[in-house]
Structures are given as C-alpha cells and as structure tokens.
Amino acid sequence: MRRGIHPVSRAVVFRDRTSGFALLTRSTLDSQRTVEWDDGSTYPVVDVEISAASHPFFTGTSRAVDTAGRVERFERRYGPGAATHP
C-alpha cells in the first residue's frame with residue numbers, strides 16, 4: 001500500500017439522533033464534536049438521522065412522517081438559503 005494517498009482511519013462514534021443508539025467503529029470521517037465513551041476515552045462523534053436502531057424496516061414498527069414543516073425544519077437545522085445553488 002502506498003503511503004500518503006489513503007485517508008486516515010480513526011475511531012469514531014456514530015450516534016442516531018432519533019433513538020440515541022451509539023456505535024463505536026473505525027471511519028475516515030472526522031468531527032469537531034466529541035463524546036466520552038464507556039471506556040473513559042473521548043472520541044469524535046458523528047450524528048446521523050437514521051440507523052438500523054430507528055429505521056422502520058429493521059425495527060418492525062411504522063412511523064408517521066410529518067410532511068408539513070419539512071422546509072421549516074430544514075431551514076432551522078441548516079439555515080435559510082442553504083439549499084440554493086450559487
């Protein structure tokens with residue numbers, strides 16, 4: 001394997017925002033936010049919208065999708081005009 005051309009792989013916590021489920025694994029993603037894990041170490045944390053812990057296919061439950069207010073929720077999360085192209 002050639003040195004210097006591959007991204008750095010590190011321990012990262014992926015946390016499901018819906019269910020609160022967290023998974024410690026290796027990834028090339030990095031984050032400025034950190035979380036203290038069960039082993040007492042601090043790791044970067046990446047929040048995801050959905051995972052196997054909250055997806056209806058894996059949980060066997062259905063979930064009501066709120067279609068009203070999607071644009072407002074997007075703008076609250078990412079700021080107004082975030083979806084416009086330059």
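Here is a short report on the structure shown in this document. Bear in mind that the values here come from a model prediction, so they are computed numbers and not experimental data.

1. Things to note about the overall build of the protein chain
In step 1: Of regular secondary structure, the protein chain possesses 2 helices and 4 strands.
In step 2: The order of helices and strands in the protein chain, counted from the N terminus, is β-β-β-β-α-α.
In step 3: Counting every position in the protein chain, which comprises 86 residues, the buried fraction comes to 13%.
In step 4: The contacts of the protein chain with a sequence gap of at least 6 include a subset with a gap of at least 24, amounting to 34%.
In step 5: For the protein chain, the exposed area adds up to about 7100 Å²; of that, 54% sits on carbon and sulfur atoms.

2. Comments concerning the pairing of strand β2 (residues 22-27)
Each regular strand shows side chains that alternate between the opposite faces of the sheet.
In step 1: Of the pairings in the sheet, the one linking strand β1 (residues 10-16) to β2 comprises 6 bridges and is antiparallel in character. For Val-12, the partnering residue across the bridge sits in β2 and is Thr-25.
In step 2: Following β1, the chain reverses through 5 residues before pairing antiparallel with β2; Gly-20 in that reversal takes a positive phi of roughly 85 degrees.

3. Examining the sheet that holds strand β4 (residues 42-48)
In step 1: Across the sheet, 4 strands lie side by side as β2-β1-β4-β3; this open sheet has mixed pairing. Strand pairing shows two members of the sheet lacking a second neighbour, β2 and β3 (34-36), which therefore form its edges. Across the sheet, the mean angle separating the axes of adjacent strands is 45 degrees when strand polarity is ignored.
In step 2: Bridge analysis of β1 against β4 gives 4 bridges, and the strand direction is parallel. Pairing of Val-13 across the sheet is with Val-45, part of β4.

4. A closer look at the environment of Arg-15
In step 1: Counting through the fold element by element, Arg-15 comes out in strand β1.
In step 2: For Arg-15, the residues in contact, after removing those within four places along its chain, are Gly-20, Phe-21, Ala-22, Val-35, Val-45, Val-46, Asp-47 and Val-48.
In step 3: Looking at Arg-15, its side chain comes within polar contact range of the side chain of Asp-47, at 2.8 Å.

So, how was this worked out
- Numbers given for residues are sequential positions, taken from 1 along each chain in its written order.
- Only residues with pLDDT of 70 or above have their local features reported here, since the model is predicted, and side-chain atom pairs are shown and tallied only from 80 upward, although totals for entire chains, interfaces and linings are computed over all residues.
- For the side-chain quantities, the full set of heavy atoms in the structure was used; hydrogens and water were omitted.
- What counts as a helix is a DSSP run of H or I of at least four residues, what counts as a strand is a run of E of at least two, and both are numbered from the N terminus.
- Relative accessibility decides the category of a residue: with a 1.4 Å probe and only protein chains considered, values under 20% of the type maximum give buried, values over 50% give exposed, and everything between is partly exposed.
- The contact definition used throughout considers only heavy atoms, calling two residues in contact when any of these lie within 4.5 Å.
- Per-residue accessibility takes into account occlusion by the displayed protein chains alone, with areas from the Shrake-Rupley method and a 1.4 Å probe.
- We treat two strands as partners when DSSP finds at least two bridges between them.
- Note on method: axes are straight lines fitted to C-alpha atoms, helices fitted across the in-contact stretch only, with angles between N-to-C directions ranging 0 to 180 degrees.
- N or O atoms within 3.5 Å of each other form a polar contact, as long as, within protein, one can give a hydrogen and the other can take it, and as long as residues adjacent in sequence are counted only when both atoms are side-chain atoms.

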